[in-house]
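Chain residues, written in single-letter form:
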Amino acid sequence: MQLLRFTLILSLALVACSSDLLAQPTAKFAPVKPAGDPATFGANIQRTMTLLATSTPEKRNRVRILFYGQSVTRNPWWEDVANDLRQRFPHADLEIENRAIGGYGGPVLINTAEFDLYPFYPDLVIFHVWSGVETGHQEKIIRRIRERTTAEVLLWTSNLRWPSTVPPDGDPQHPDVLAKDAQDQAISDLYFRLGRELNCEVADVRTGMQHYLKQHDLVVKDTLRDTVHPNKLGNFLIAELVKPHLRYDPSFPDDKWKDLVTEIPVNEPRVQHKDDGSLTLKFQGNRIDVIAAPSDAAAGDAAKADVLLDGKSPSQFPELYYHTRPSPTPVAGRPAFNRIDHRAPLQVETWTARILECDLEKDVLRYEVSGSKTGPDGTGDHKQRFVSNSGRVVIEPRMWMVNWSLRYRKQSLPQDYKVTWETRPLFVDVWQSPAVTDAAKEYPTVLAQGFKNGDHSLTLKPQTPGKLPVKAFRIYRPPLKVSAGE
């Protein structure tokens, strides 16, 4: 068995030296047996898998997937999973992003999720993070996904870790080993509970890796390049234990997901047609899209229609704007600050924060904020709550990461450094029909997203009377109501 272990480790070195093998990361490792009953895999992500599996050259479904978590989620295994989906479902219009942030546990990600996760509104979130179990932050993030979006969630239990205080072949009963193991088991327990309560898919990476190591006489350190980050074998194992859950099975019941997103063809009775070409639809949810139909209009002669949500332009709903992720710290790649709030209605514009004073030894950071439309909007100190003069920017104490990043990398602030971000709309006040150049593809437009999950009405009123080139409306209705106090 020791010879087998040596052979597997040697294969890692060979893979590192061969570009051909790097392109085929599974070539040198023994197959992985997933933990759990494969017949049940994918049961809680069947809306996403149905969209993928039913995509054809004649009907290309749009599917948006987000990987979110910490640095381990940014390791190469995620690309293996993404590429596997692209290869298996070549006719789907796949949009896959990884917005994970190294070093950010649940208590921090709960802030960055406000600009990274919910506005993105994916079909599927693939999630793992350390810390925040005992404080409730992890559970809060997952519940908010289910409250604010129709995204399905795949949680994967932790890869195995090994403390630096214990040799690779050290005692697995060492207190430091047991402490890490207990932390990871707590995450696993949480994920399985949330899987039951919130209908999340759970990929048991932790147990699958444990079985693999035992089968091949390996130790935890054989899967790691440090104490936590996976090496090539570790990345291979995570990917191979997640991929089997991304499985389509039409025999699964659809009651958990069939009402999350509904498509209403324009000729259905629920859509009211008026003589001027206006279309009105009553619906329940927190997002509505319109899907364009082919048009006979000449190129460049798009139809335009005013959008009315509950009788008002969407721009009049304060909740339909959001601040984007700020530009990164000078080094270390974190967002310059981890959350941006507001206490006055927003408008679409670009923001800039310029550093007035930075003293790393005294932990001083002072800055001024200005908006492209708002103009100069006040000065702040990273240790104190900042409320801009307009009320459109609120930054809580200790949200800034600039000084931390400079100390971490032992560098000084670049002279021309500044932070930028945007206030973006989650709506359009005027829908302009896109050119439908490929009959197999969808051409959706988000008319409004992020309003209260409840009863609403939507009207498209053509600016020039006539039939609008609309194929259907798509309604999104999250499965959970927003918790009190959210």
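Residues numbered from 1 in each chain as written. Predicted model: local features only at pLDDT ≥ 70, side-chain atom pairs only at ≥ 80, totals over all residues. Heavy atoms only, no water.

(A) How the structure looks around the overall build of the protein. The secondary structure content of the protein amounts to 10 helices and 19 strands. For the protein, whose C-alpha radius of gyration is 25 Å, the value lies close to the compact-globule estimate of 23 Å for 486 residues. Counting only C-alpha atoms and orienting by the principal axes, one finds that the protein spans roughly 80 × 60 × 45 Å. Sequence-distant contacts in the protein: of pairs separated by 6 or more residues, those separated by 24 or more amount to 76%. Here the protein has roughly 22,500 Å² of accessible surface; of this, 49% comes from carbon and sulfur atoms. (Helix = DSSP H or I, 4+ residues; strand = E, 2+ residues; numbered from the N terminus. Rg over C-alpha atoms; globule rule 2.2 N^0.38 Å. Contact = heavy atoms within 4.5 Å. Areas by Shrake-Rupley, 256 points an atom, 1.4 Å probe, with all protein chains shown as cover.)

(B) Representation of the packing of helix H4 (residues 77-88) against helix H9 (residues 232-242) in the model. Packing of H4 against H9 brings their axes to within 8 Å, and their N-to-C directions diverge by 35°. Pair H4 / H9 crosses with right-handed handedness. Contact residues: H4 offers Trp 77, Asp 80 and Val 81, while H9 offers Asn 235, Ile 238, Ala 239, Glu 240 and Val 242. Within the contact of H4 with H9, the residues separate by chemical class into 5 nonpolar, 1 polar and 2 charged. (Axes fitted to C-alpha atoms, helices over the stretch in contact; angles between N-to-C directions. Left-handed = near helix turned anticlockwise from the far one by under 90°. Nonpolar A, V, L, I, M, F, W, Y, C, P; charged D, E, K, R; others polar.)

(C) Representation of H4 within the structure. Its 12 residues place the ends of H4 17 Å apart at the C-alpha level, agreeing with the 16 Å of an ideal helix rising 1.5 Å per residue. Buried within H4 we find Trp 77, Trp 78, Asp 80, Val 81, Ala 82, Asp 84 and Leu 85. (Expected span 1.5 Å × (residues − 1). Buried < 20%, exposed > 50% of the residue type's maximum accessible area, 1.4 Å probe, protein only.)

(D) Seen up close, the confidence of the model for the protein. Within the protein, residue pLDDT values average 93, and 93% of them lie at 70 or more. Across residues 1-26, confidence stays below pLDDT 50; counting only partners more than four residues off in sequence or on other chains, it has 37 contacts. (pLDDT = per-residue confidence, 0-100.)

(E) Layout of the environment of Tyr 118. Tracing the sequence through the fold places Tyr 118 in the loop between helix H5 (106-116) and strand S3 (124-128). Setting aside its immediate chain neighbours within four residues, Tyr 118 contacts Ala 113, Ile 141, Arg 144, Ile 145, Arg 148, Thr 149 and Gln 449.

(F) Representation of the pattern of salt bridges in the model. Taken as a whole and judged by the stated rule, the model has 28 salt bridges. Here Arg 206 ties to Asp 181 by a salt bridge, and the two come within 2.9 Å at their closest N and O atoms. Taken together, the positions of Arg 206 in helix H8 (residues 205-215) and Asp 181 in helix H7 (residues 175-198) put the pair 25 residues apart, joining distant regions of the chain. Exposure remark for Arg 206: the relative accessible area of 4% places this residue in the buried category. Judged by relative accessible area, which is 32%, Asp 181 ranks as partly exposed. By sharing partners, the salt bridges in this structure join Glu 139, Arg 143, Arg 193 and Glu 197 into a single network. (Salt bridge = Lys/Arg side-chain N within 4 Å of Asp/Glu carboxyl O.)

(G) The packing of aromatic side chains, seen in detail. As enumerated under the stated definition, the model contains 13 aromatic pairs in all. Taken together, a centroid distance of 5.5 Å and an interplanar angle of 80° make the contact between Tyr 121 and Tyr 476 edge-to-face. Here Tyr 476 lies in strand S19 (residues 470-476) and Tyr 121 lies in the loop between H5 and S3, a separation of 355 residues in the sequence. Neither Tyr 121 nor Tyr 476 differs from the other in exposure class; each is buried. An angle of 85° between the planes, with centres 5.3 Å apart, marks the rings of Phe 337 and Trp 421 as edge-to-face. With Phe 337 in the loop between strand S10 (321-323) and strand S11 (349-359) and Trp 421 in strand S16 (residues 418-425), this pair connects stretches of sequence that are 84 residues apart. For the pair shown, Phe 337 and Trp 421 are each scored as buried. (Phe/Tyr/Trp six-rings, centres within 6.5 Å; stacked < 30°, edge-to-face > 60°.)

(H) Geometry of the nonpolar core. Counting residues in hydrophobic clusters, the biggest one holds 71 residues, and the most contacted among them are Trp 77, Trp 156 and Val 242. By residue number, the principal contributor to this core is H9, which donates 7 residues. If we ignore the near neighbours within four places in the chain, the residues touching Trp 156 are Val 72, Thr 73, Trp 77, Ile 126, Phe 127, His 128, Tyr 191, Ala 203, Val 205, Ile 238 and Val 242. (Core = buried A, V, L, I, M, F, W, Y, C linked by side-chain atoms within 4.5 Å.)

(I) Summary view of the environment of Trp 400. One can find Trp 400 in the loop between strand S15 (394-395) and helix H10 (402-409). Note on Trp 400: relative accessible area 5%, which makes it buried. Separated by 146 residues in the primary sequence, Trp 400 and Asp 254 have C-alpha atoms spaced 44 Å apart. Excluding residues within four positions of it along the chain, Trp 400 makes contact with Ala 336, Phe 337, Ala 353, Ile 355, Leu 365, Tyr 367, His 382, Ile 395 and Val 419.

(J) Layout of the side chain of Thr 445. Inspection of the secondary structure puts Thr 445 in strand S18 (residues 444-462). Thr 445 sits in the buried class, given a relative accessible area of 18%. With sequence-adjacent residues up to four places away left out, Thr 445 is seen in contact with Ile 288, Asp 289, Val 290, Val 428 and Trp 431.

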